[in-house]
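One letter stands for each residue in the lines below.
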Amino acid sequence: MRRDMEQRAQRIVDVTDALFTDLERIAAATAPALAGGTDAEALAAVTEPPVLAHLEGHPLTIGAGVAVAPEAAGLGPLGTMVWWRRSGDEVRRKQHVDNPASDSYYDFAQSRWFRTAVQTRQRTLIAPFVDSWGTDDLTMVAAVPVVVDDAVLGVVAADLVVRTWLAEVDDLLDPMSRELLLDAEDRVVASSDPTIELSVRLRALEDARVERRVPVGASGWTLVHLA
Amino acid sequence: MLFAPLDAHGRAETVAERLRTAISLGVLAEGDLLPPEPELAAQFNISPVTLREALNRLRDQGLVTTRRGRGGGTVVTAPTVSQIRVAIDQVRALTALDLRDLADWRRALSLESVRLAARRASSEDVAPMPRSVERLHEAGDGIEGRRAESRFYIELGAASQSTRLSTALINAQVEYSPVLTLVYHAVETREHVARLLEPVAEHLREVRVREAEQAVADAIGFVADRAGTLRSNGWQA
């Protein structure tokens, strides 16, 4: 039973493996530009080809780009973010609001995906959240750091199509038991029991007793069986 | 919502009014570049000529300036005074029933958001709330106060994990903005509401649903009462 859980945990990680490998490829392609110091438009020119190729080849991704750490040379104290988003058949460059005085200001340096990737220096997967200042929608983000000479200069990230990812993961969970995929804060990301509310915190559930728990990936997620 | 297409008979003044509202609410902040004219005209579904006329009116009122040529565009330059004036113009038409309706809706959305947030919020969702409350406490005028409070409620909406609730709460805040701008003119109001909202983040972290609901209901009720009182005094500070 436990071995089955570990296999399922690995399959869940595999759902995003190719996507992460590609993000790491983009990180490698943009690292020289970030290390050399550059302006936003030069960064966009270097990043656009691999990002567009990524959006073309990965249906799980709906948007992707690079966010540069505030301290990186040449881009000013606020850093910068270049981003593209698929809209139907088109791919468009998305301009985030970079005026701190505006109500719609997107402070990416404070966002969970940016900070986690910078701090952990690992492949980072962020559980669905409402991205009020970005997509305005329920969003999942996959992120990898851009590391040059042991310093994190920026983060390559992708917005995932939550429905598609969730459908793939739902198929992998054990339908014969109450199996939950939990994020690092024990919030339900996916569940084989449809009566358990997605995003609910385990501690808020009235009758949840964890019988078994196995790790999933490197972001502190786990797969659990409830009694 | 503010940039939703107008019908075929939309006029320059309606567009100007929409842009004026966006500027007065801080949705477009001082220094923000408006989208290029062809794009903005397409968004409103009007001719570039009509848009040009609307922008002329805003220019005459000192709300925007336009720089021509490369790297140019139309920039928002609204000073604080005109934002207050716009708020007063917009609340003048509101009756006591209108105020009640706005507060009812806001309360319904906020309380449901709080209930869901207590069950679902991540630490990341809750983390920015204390700072927004602090900003409300430290705000220097009604505009800063309204902005800080809006940020708090938007964060609360996001914490519910419901996109419909989140969107509805943002729209409700935008609609209520002129009222909030005037209500938060008084420093005592800003400080009192900040005190009421301060414990909400911790209640959410600890899944204390009832306490979180009570705090938010009290804050909304207090603001609604202040709005009613101000209205009966002709919106004099």
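Quick look at the structure, then. Note that the structure is predicted; figures quoted are calculated from it, not measured. (Residues numbered from 1 in each chain as written. Chains lettered and ligands numbered in written order. Predicted model: local features only at pLDDT ≥ 70, side-chain atom pairs only at ≥ 80, totals over all residues. Heavy atoms only, no water.)

**Structural notes on the side chain of histidine 54 of chain A**
Residues and elements named next belong to chain A.
- Among the structural elements, histidine 54 can be located in helix H3 (residues 40-57).
- At a separation of 2.7 Å, a polar atom in the side chain of histidine 54 contacts the side chain of aspartate 22.
- If we ignore the near neighbours within four places in the chain, the residues touching histidine 54 are Leu19, Asp22, Leu23, Ile26, Thr61, Ala64 and Ala158. (Helix = DSSP H or I, 4+ residues; strand = E, 2+ residues; numbered from the N terminus. Polar contact = N/O pair within 3.5 Å; in protein donor to acceptor, adjacent residues only side chain to side chain. Contact = heavy atoms within 4.5 Å.)

**Some points on the sheet that holds strand S3 (residues 90-94) of chain A**
Residues and elements named next belong to chain A.
- Overall, antiparallel pairing links the six strands, which are arranged S3-S2-S1-S6-S5-S4 in an open sheet. The open sheet terminates on both sides in strands that have one partner only, identified here as S3 and strand S4 (124-130). This sheet shows a mean twist of 20° between the axes of neighbouring strands, independent of strand direction.
- The sheet contact formed by strand S2 (residues 80-87) and S3 spans five bridges and is antiparallel. In the sheet register, tryptophan 83 faces S3, and the bridge partner there is lysine 94.
- The sheet strands contacting H3 are strand S1 (61-68), S2, S3 and strand S6 (151-160), and the helix crosses S2 at an angle near 30°. (Pairing = 2+ DSSP bridges. Axes fitted to C-alpha atoms, helices over the stretch in contact; angles between N-to-C directions.)

**Observations concerning the pairing of S6 of chain A**
All names here are of chain A.
- Burial within S6 is extensive, with nine of its ten residues counted as buried.
- In this sheet, S6 lies alongside S1 in antiparallel orientation, the contact comprising seven bridges. Residue pairing across strands places threonine 61 opposite leucine 160, the latter belonging to S6.
- One ladder, built from nine bridges, connects strand S5 (residues 138-148) with S6; its direction is antiparallel. Bridge pairing links valine 141 to aspartate 159 in S6.
- Here S5 folds back onto S6 in antiparallel fashion, the turn holding two residues, of which aspartate 149 has a positive phi close to 50°. (Buried < 20%, exposed > 50% of the residue type's maximum accessible area, 1.4 Å probe, protein only.)

**Comments concerning the environment of valine 146 of chain A**
All names here are of chain A.
- Within the secondary structure, valine 146 sits in strand S5.
- On a C-alpha basis, the gap between valine 146 and alanine 31 in space is 6.2 Å, while along the polypeptide they are 115 residues apart.
- In this structure, valine 146 is in contact with Ala27, Thr30, Ala31, Leu34, Ala151, Val152, Leu153, Gly154, Val155 and Val156, ignoring residues within four places of it in sequence.

**Some details on the packing of aromatic side chains**
- Summed over the entire model, instances satisfying the criterion amount to five aromatic pairs over all chains.
- Centre to centre, the rings of phenylalanine 152 of chain B and tyrosine 153 of chain B are 5.5 Å apart; their planes meet at 85°, and the pair counts as edge-to-face. No difference in accessibility class separates phenylalanine 152 of chain B from tyrosine 153 of chain B, as the two residues are buried.
- The structure contains a cluster of three or more aromatic residues connected by ring pairs, namely Trp83, Phe108, Trp113 and Phe114 of chain A.
- Lying across the ring of phenylalanine 129 of chain A, arginine 112 of chain A places its NZ or CZ 4.3 Å from the centre. (Phe/Tyr/Trp six-rings, centres within 6.5 Å; stacked < 30°, edge-to-face > 60°. Lys NZ or Arg CZ within 6 Å of the ring centre and 35° of its normal.)

**Re the pattern of salt bridges**
- If you walk through the whole model with that rule in mind, you get 28 salt bridges over all chains.
- Between aspartate 17 of chain A and arginine 123 of chain A there is a salt bridge, and its shortest N-O distance comes to 3.0 Å. Here arginine 123 of chain A lies in the loop between helix H4 (112-120) and S4 and aspartate 17 of chain A lies in helix H2 (residues 17-36), a separation of 106 residues in the sequence.
- Judged by relative accessible area, aspartate 17 of chain A falls into the partly exposed class, the value being 33%.
- Given the relative accessible area of 27%, arginine 123 of chain A is considered partly exposed.
- For aspartate 125 of chain B, the salt bridge is made with arginine 112 of chain A, and the minimal N-O distance between the two is 2.9 Å. Within this pair, whereas aspartate 125 of chain B is found in helix H6 (residues 123-126), its partner arginine 112 of chain A is found in helix H4, the two belonging to separate chains.
- Relative accessible area serves as the criterion here: at 5%, aspartate 125 of chain B is assigned to the buried category.
- Looking at arginine 112 of chain A, the relative accessible area reads 13%, which means it is buried.
- Beyond isolated ion pairs, a larger network of salt bridges with shared partners links Glu197 and Glu206 of chain A together with Arg119 and Arg120 of chain B. (Salt bridge = Lys/Arg side-chain N within 4 Å of Asp/Glu carboxyl O.)

**Concerning the packing of helix H7 (residues 129-138) of chain B against helix H10 (residues 187-197) of chain B**
Residues and elements named next belong to chain B.
- Where H7 meets H10, the axes come as close as 8 Å, and the angle between the chain directions of the two elements is 160°. In this view, H7 runs roughly antiparallel relative to H10, as classed from their interaxial angle. The hand of the H7/H10 crossing is left-handed. In this structure, H7 uses Val133, Leu136 and His137 to contact H10, whose residues at the interface are Arg190, Glu191, Val193, Ala194 and Leu197. (Parallel < 35°, antiparallel > 145°, perpendicular 65-115°, else oblique. Left-handed = near helix turned anticlockwise from the far one by under 90°.)

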